[in-house]
Amino acid sequence: MSEELENVPDGEEEEELIELVDDDGNVIKFKLLDVTEYKGEKYVLLLAAEPNEEIAEDEVVIFRLDEKEEVLNPVEDDNLLQEVFDFYQNETESEDEESDGEIN
């Protein structure tokens, strides 16, 4: 199962939303949390934009980005999902620490 990009944000919107169409044709709206690169692959981290029975409001959903096909592919390896999420958290914490150190 892959998700086709319905609407890729242009970065000018106040809240970046992405609409994905699942295999059944259902449109699911997500907030773009971030795009990160891990071990040479790009991953898109998303949060549900609307209440959803399948995805909790604070649950991060991670897809592998195929830029050539403009498709988000689900990551089925739970260990890889955890590695990507941990990597993202570490990168975010490092950026926060650098920003805090610059404010004097």
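Residues numbered from 1 in each chain as written. Predicted model: local features only at pLDDT ≥ 70, side-chain atom pairs only at ≥ 80, totals over all residues. Heavy atoms only, no water.

Take the pairing of strand E2 (residues 17-21) next. Burial along E2 is one-sided: the residues Ile18 and Leu20 are buried and none of Leu17, Glu19 and Val21 is. Both E2 and strand E3 (residues 27-38) contribute to a ladder of five bridges, which runs antiparallel. Opposite Glu19, over in E3, you have Lys29 as the bridge partner. Adjacent in sequence and paired antiparallel, E2 and E3 are bridged by five residues, among which Gly25 carries a positive phi angle near 85°. (Buried < 20%, exposed > 50% of the residue type's maximum accessible area, 1.4 Å probe, protein only. Helix = DSSP H or I, 4+ residues; strand = E, 2+ residues; numbered from the N terminus. Pairing = 2+ DSSP bridges.)

This part is about a negative patch on the surface. Taken together, the side chains of Asp34, Glu91, Glu93, Glu95, Asp96, Glu97 and Glu98 present a region of like negative charge at the surface. Counting residues per element, the negative patch draws most heavily on helix H1 (residues 78-102), at six residues. Tracing the backbone shows Glu93 in helix H1. A residue is classified by how much of its surface remains accessible, and Glu93, at 44% relative accessible area, is partly exposed. (Patch = residues over 30% accessible without salt bridge, like charges linked within 9 Å, V, L, I, M, F, W, Y side chains within 5 Å. Areas by Shrake-Rupley, 256 points an atom, 1.4 Å probe, with all protein chains shown as cover. Salt bridge = Lys/Arg side-chain N within 4 Å of Asp/Glu carboxyl O. Lys, Arg positive; Asp, Glu negative; His and termini not counted. Charge placed at Lys NZ, Arg CZ, Asp CG, Glu CD.)

To continue, consider the environment of Glu50. Structurally, Glu50 can be placed in the loop between strand E4 (41-48) and strand E5 (60-66). Here Glu50 falls in the partly exposed class, since its relative accessible area comes to 42%.

Now for the confidence of the model for the protein. With 81% of its residues at a pLDDT of 70 or more, the protein shows a mean pLDDT of 83. A low-confidence stretch, residues 8-13 (pLDDT under 50), is modelled with five contacts involving residues beyond four sequence positions or located in other chains. (pLDDT = per-residue confidence, 0-100. Contact = heavy atoms within 4.5 Å.)

Under the criterion given, the structure shown has five salt bridges. Among the salt bridges present, the one from Lys29 reaches Glu19, with a minimum N-O distance of 3.7 Å. Taken together, the residues Lys29 in strand E3 and Glu19 in strand E2 connect sequence positions 10 residues apart. Among the residues examined, Lys29 registers a relative accessible area of 28% and is labelled partly exposed. For the salt bridge of Lys29 with Glu50, the shortest nitrogen-to-oxygen distance reads 3.8 Å. Of the two residues, Lys29 sits in strand E3 while Glu50 sits in the loop between E4 and E5, which places them 21 residues apart along the sequence. Through salt bridges with shared partners, one network takes in Glu19, Lys29 and Glu50.

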